[in-house]
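Examining the three-dimensional arrangement
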Amino acid sequence: MIYLDHNATTPLLPEVREAMLPWLGPHYGNPSSVHRAGRLARQAIDTAREQVAALVGAQPGELIFTSGGTEANNLALGLADSLAGPLITSGTEHSAVLEPAIARRQAGRQVVILPVDREGRLSPEDLAQALRPGALVSLMWANNETGVIHDLARLGGLARQAGAIVHSDAVQAAGKLAIDFAGAEVDLLSLSAHKIYGPKGVGALLRRRSVALPPMQRGGGHEHHLRAGTENLAGIVGFGVAAEQAAARRERRAAHARALRGQLEAGLQAMPQISIVAPGAPRVDNTCQFIVAGFHSEALLMALDRRDIAVASGSACHAGTGKPTHVLLAMGYDEAAAHGAIRVSIGEQNSSRDIDDFLAALRDILHQPRPAFAAGLFGA
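What comes next concerns the included structure. This one's a predicted model, so the numbers in the text were calculated from it and none came from an experiment.

A separate point is the sheet that holds strand β6 (residues 165-169). Spatially, β2-β8-β7-β6-β5-β3-β4 is the arrangement adopted by the 7 strands of the open sheet, whose pairing is mixed. At either margin of the open sheet sits one strand with a lone partner, and together these are β2 (63-66) and β4 (111-114). The average undirected angle you get between the axes of adjacent strands in this sheet is 20°. With respect to the sheet, helix α2 (residues 36-55) is in contact with β2 and β7 (188-192), its orientation differing from that of β2 by roughly 110°. The strands that helix α6 (residues 152-161) touches are β5 (136-138) and β6; relative to β6, the one it contacts most, it runs at about 150°.

Before going further, it helps to spend a moment on the packing of aromatic side chains. Evaluated as defined, the whole model comprises 2 aromatic pairs. Both rings, one in Phe65 and one in Phe239, keep their centres 6.2 Å apart while their planes meet at 65°; by these two values the pair is edge-to-face. Separated by 174 residues along the polypeptide, Phe65 in strand β2 and Phe239 in helix α8 (residues 233-269) bring together distant segments of the chain. Exposure class is identical for Phe65 and Phe239. Each is buried. Sitting over the face of the ring of Tyr333, Arg118 holds its NZ or CZ atom 3.8 Å from the ring centroid. Geometry around Phe181 places Arg208 over its ring, the cationic atom sitting 4.4 Å from the centre.

Pairing within the open sheet is antiparallel, and its 3 strands lie in the order β9-β10-β12. The open sheet has two edge strands with one neighbour each: β9 (274-276) and β12 (341-345). Taken pair by pair, the neighbouring strands of this sheet meet at an average axis angle of 30°, ignoring direction. Sheet topology places strand β10 (residues 287-292) next to β12; 5 bridges connect them, and they run antiparallel. Bridging across to β12, Ile291 finds its partner in Ala341. Helix-sheet contacts for α8 involve β9, β10 and β12, and the interaxial angle to β10 is about 10°. The sheet strands contacting helix α12 (residues 352-367) are β9, β10 and β12, and the helix crosses β10 at an angle near 10°.

The biggest cluster of nonpolar side chains holds 57 residues, and the ones touching the most others in it are Val56, Phe65, Val137, Trp141, Leu189, Leu191 and Phe239. Secondary structure elements with two or more residues in this core: α1 (14-20), α2, β2, α5 (124-130), α6, β7, β8 (203-207) and α8. Top contributing element to this core by residue count: α8, with 9 residues. When near neighbours in sequence (up to four residues on either side) are disregarded, Phe65 contacts Ile45, Ala48, Arg49, Val52, Gly203, Ala204, Glu223, Arg227, Ile236 and Phe239. Leu4, Val311, Ala361 and Ile365 belong to the second largest nonpolar core, which has 29 residues in total.

For the rest of this paragraph, the subject is the side chain of Asp354. Along the polypeptide, Asp354 turns up in helix α12. Sequence-distant contacts of Asp354, defined by excluding residues within four places in its chain, comprise Ile2 and Gln349.

Time to look at the pairing of β2. Of the two faces of β2, both are covered, the one formed by Leu63 and Phe65 as well as the one formed by Ile64 and Thr66. Both β2 and β8 contribute to a ladder of 4 bridges, which runs antiparallel. Counterpart to Phe65 in the pairing with β8 is Ala204.

Another aspect to go through is the packing of helix α3 (residues 69-77) against helix α4 (residues 95-106). Running from N to C, α3 and α4 point in directions that differ by 35°, and their axes come no closer than 9 Å. Considering how the two elements wind past one another, α3 and α4 form a crossing that is right-handed. Across the interface between the two elements, Thr70, Asn73, Asn74 and Leu77 of α3 pack against Ala96, Val97, Pro100 and Arg104 of α4.

Let's shift gears to the pattern of salt bridges. What the rule picks out here adds up to 19 salt bridges. Two residues, Arg109 and Asp81, come together in a salt bridge whose shortest N-O distance is 4.0 Å. Placement of Arg109 in the loop between α4 and β4 and of Asp81 in the loop between α3 and β3 (87-90) is noted, with a sequence separation of 28 residues between them. Overall, Arg109 belongs to the partly exposed group, its relative accessible area being 31%.

Below, the discussion takes up helix α9 (residues 297-305). Where α9 is concerned, the buried positions are Ser297, Ala299, Leu300, Leu301, Ala303 and Leu304. Where α9 is buried, its residues contact β10, β11 (309-310), β12 and α12.

Now for empty space enclosed by the protein. Under the counting rule described, the total for this entry stands at 4 cavities of 30 Å³ or more. The volume enclosed by the largest cavity comes to roughly 220 Å³. Residue lining of the largest cavity: 19 residues in total, with Lys176, Tyr197, Arg253, Asn286 and Ile346 positioned closest to the centre. Across the lining of the largest cavity, the residue classes break down as 7 nonpolar, 6 polar and 6 charged. Its volume calculated, the second largest cavity comes out at about 60 Å³.

Scoring rules and cut-offs
Residues numbered from 1 in each chain as written. Predicted model: local features only at pLDDT ≥ 70, side-chain atom pairs only at ≥ 80, totals over all residues. Heavy atoms only, no water. Pairing = 2+ DSSP bridges. Helix = DSSP H or I, 4+ residues; strand = E, 2+ residues; numbered from the N terminus. Axes fitted to C-alpha atoms, helices over the stretch in contact; angles between N-to-C directions. Contact = heavy atoms within 4.5 Å. Phe/Tyr/Trp six-rings, centres within 6.5 Å; stacked < 30°, edge-to-face > 60°. Buried < 20%, exposed > 50% of the residue type's maximum accessible area, 1.4 Å probe, protein only. Lys NZ or Arg CZ within 6 Å of the ring centre and 35° of its normal. Core = buried A, V, L, I, M, F, W, Y, C linked by side-chain atoms within 4.5 Å. Left-handed = near helix turned anticlockwise from the far one by under 90°. Salt bridge = Lys/Arg side-chain N within 4 Å of Asp/Glu carboxyl O. 1 Å grid on protein atoms, 1.4 Å probe; cavity = no way out; pocket = protein on both sides within 12 Å on 5 of 7 lines; lining within 4 Å. Points joined across faces, edges and corners; volume = space filled by probe spheres on them. Nonpolar A, V, L, I, M, F, W, Y, C, P; charged D, E, K, R; others polar.

Quick look at the structure:
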């Protein structure tokens, strides 16, 4: 299989799997127990906490382990309920931010969802106009569908100068971009292990000690009394090793992805019915979203899947819903165009041959006579 859907999830590194295995077998102590088995487990979590914090330039004591990026986002957004100002976000955020924001709006809370331009960029002027004392601003570091990078230095700085607290969903940025939490204009930062070649079911929220965060669930003193529940020991160990590998391989991975995306986009630009999304905006190196005019993405995905090629139409969280991606709609694309969106996200195991084979397959599919396709392949 040619796997080009790394923004949905990444394969587990062999080093990560090997590190996890002892904690799925002989080392099964509860990290909260005081006996030797428990102390060994606690030491393993402490080591992983240091490894994950180091990936984003944070202190270990600032890190709270969670079940993934979604829980980290929800834990961070819980702060909005105790603040006097609005929750401010953008229309291109992941559903793990947008849906909690919309739920709060429906419950009568102050929520502002800001527009973006055609390339997914947020206007600092729009943000400045929305800011109020005691606001919580949540802006993703890099978009999971388009790869577009928000200017957090400028936007976060603007918000913090106005007295707001800033959260960023950095799930798609960690391991791809150099992040220094200590010097960044953010107060809360969400991470996920399975986006950086680690296990599913584990993530983290970074929190500055100056932020008084309410717990999302209660029950014990785990994770600084902010995330009750016995820790996912093997998953946390795997997260730590994945983070360590991500730090060591970041520049090499970025250069590799940048070269392959350049090859991909050169091939796409030769196809007249294809337009690349946000080509002029800063993007993470591994991501390319494009629109195939007159075609429906879900049917294209199935046609490619029959050729053993895995890509996406948008976020994996909304795959199979039949709905166009909200990200492109927020960027000003109409529903017909949004229905024709394909996302390619490159990983470290991909090769130039993979890109050539994908382009050849796509070219062949697009050139087939319409009767050769199943019903529903083409847009209305």
